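Breakdown of the fold
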Amino acid sequence: MEPETKICFKYYHGVSGALRATTPCITVKNPGVLAGDEGQAQGQSLTEHCRKLVSFTLSDIRALGLKKGMFFNPDPYLKMSIQPGKKSSFPTFAHHGQERRASIIANTTNPVWHGEKYTFVALVTDVLEIEVKDKFAKSRPIIKRFLGQLTIPVQRLLERHAAGDQPLSYTLCRRLPTEHVSGQLQFRVEITSTGHEEASTDIMGSLLGAGAVNGDPGSPSDDEDLPHPPPGTARGTSPTGSADSLPGDGARNGEGGVEA
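Residues numbered from 1 in each chain as written. Predicted model: local features only at pLDDT ≥ 70, side-chain atom pairs only at ≥ 80, totals over all residues. Heavy atoms only, no water.

1. Re the nonpolar core
Phe56, Leu58, Leu78, Ile130, Leu157, Leu185 and Phe187 are the most contacted members of the largest nonpolar core, which totals 32 residues. Residue assignment for this core shows that the elements contributing at least two residues are β5 (54-64), β6 (76-83), β9 (118-122), β10 (127-134), β11 (146-153), α2 (154-162), β12 (168-171) and β13 (184-193). The leading source of residues in this core is β5, at five residues. The residues contacting Phe187, other than those within four sequence positions of it, are Leu58, Ser59, Asp60, Ile61, Ile130, Ile152, Leu157, Pro167, Leu168 and Tyr170. (Core = buried A, V, L, I, M, F, W, Y, C linked by side-chain atoms within 4.5 Å. Buried < 20%, exposed > 50% of the residue type's maximum accessible area, 1.4 Å probe, protein only. Helix = DSSP H or I, 4+ residues; strand = E, 2+ residues; numbered from the N terminus. Contact = heavy atoms within 4.5 Å.)

2. Quick notes on the pairing of β13
Strand direction decides the pairing type here: β5 and β13, joined by eight bridges, are antiparallel. Each residue of the ladder has a partner; that of Phe56, found in β13, is Ile191. In terms of strand pairing, β12 meets β13 through four bridges, oriented antiparallel. By the bridge assignment, Thr171 is partnered in β13 with Gln184. (Pairing = 2+ DSSP bridges.)

3. Regarding the side chain of Arg145
Take Arg145: it is sitting in the loop between β10 and β11. A distance of 2.9 Å separates a polar atom in the side chain of Arg145 from a polar atom in the side chain of Tyr77. (Polar contact = N/O pair within 3.5 Å; in protein donor to acceptor, adjacent residues only side chain to side chain.)

4. Considering the pattern of salt bridges
The tally for this structure, following the rule as stated, stands at four salt bridges. Here Arg175 ties to Glu179 by a salt bridge, and the two come within 3.3 Å at their closest N and O atoms. Looking at Arg175, the relative accessible area reads 44%, which means it is partly exposed. Judged by its relative accessible area of 9%, Glu179 falls in the buried class. When salt bridges that share partners are traced, they join Glu131, Arg175 and Glu179 into one network. (Salt bridge = Lys/Arg side-chain N within 4 Å of Asp/Glu carboxyl O.)

5. What about the packing of aromatic side chains?
In this structure the tally under the stated criterion is two aromatic pairs. On the basis of an interplanar angle of 20° and a centroid distance of 5.9 Å, the ring pair of Tyr170 and Phe187 is categorised as stacked. Pair noted here: Tyr170 is in strand β12 and Phe187 is in strand β13, with a separation of 17 residues, a long-range link. For the pair formed by Tyr170 and Phe187, the shared burial category is buried. It is Arg100 that lies over the ring of Phe120; its NZ or CZ is 5.0 Å from the centre. Here Arg175 stacks its cationic end above the ring of Phe146, 3.8 Å away from the centre of that ring. (Phe/Tyr/Trp six-rings, centres within 6.5 Å; stacked < 30°, edge-to-face > 60°. Lys NZ or Arg CZ within 6 Å of the ring centre and 35° of its normal.)

6. A closer look at the confidence of the model for the protein chain
Taken residue by residue, the protein chain gives an average pLDDT of 75. The fraction at 70 or more is 63%. No element of the protein chain has a lower mean pLDDT than strand β17 (residues 258-259), at 36, and none a higher one than strand β8 (residues 112-113), at 98. Confidence drops under a pLDDT of 50 for residues 210-221, and excluding neighbours within four residues, the segment shows 30 contacts in the predicted structure. A low-confidence stretch, residues 245-260 (pLDDT under 50), is modelled with 58 contacts involving residues beyond four sequence positions or located in other chains. (pLDDT = per-residue confidence, 0-100.)

Here it is, written out as structure tokens:
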């Protein structure tokens with residue numbers, strides 16, 4: 001595609017086909033195609049911007065109107081992770097796969113995670129995935145523990161945060177068309193670091209290497225649906241170009257949690 005396109009309109013006689021009039025030409029610039037040194041510099045600037053990590057924290061988390069079981073209320077908890085964007089051109093870096101798990105709130109369709117805060121590092125091209133699940137218990141077998149999910153672009157979170165310090169509300173979504181999901185998830189977002197490239201490695205080291213995925217020690221493990229790489233396996237490079245490995249699946253930030 002050309003960086004610029006010239007457009008004009010020509011009017012022809014409907015019967016003879018003779019040219020009757022021509023409008024002045026206008027130039028339309030294509031922002032997706034930048035030409036010359038200027039285009040190269042702007043493209044490089046955009047690439048560097050997308051490679052910078054941002055640190056943000058979720059707090060005041062609550063759910064409203066979750067799906068109720070036939071004979072009982074659920075015991076909901078949250079699984080949250082950072083994943084690369086859905087475009088195939090987005091590479092995978094060491095910070096991808098970091099996971100947080102909120103505590104279990106017993107017997108309610110309107111759970112509130114009081115005082116719990118969860119911090120993530122991400123690129124603006126990444127997505128935040130949140131899954132609401134019902135605690136597994138052998139004494140109370142559940143056919144489907146899935147209560148709903150969200151997949152939110154990090155860029156969208158930053159835009160909504162910039163619009164004002166108001167709680168964000170999202171309607172929970174299904175994974176499959178046959179699933180029945182209800183309710184909303186609400187939380188606040190705080191930008192804790194602008195993710196300057198020079199500090200990106202330090203940010204990742206402090207958050208990714210702080211510990212393991214948190215959980216509730218009183219409930220059976222949720223390991224059957226968590227990918228666990230072998231110890232010492234590199235998870236990719238950092239977006240700033242340095243090599244990083246992920247010693248654990250993530251770190252728990254905030255109160256009210258015990259490491260699994």
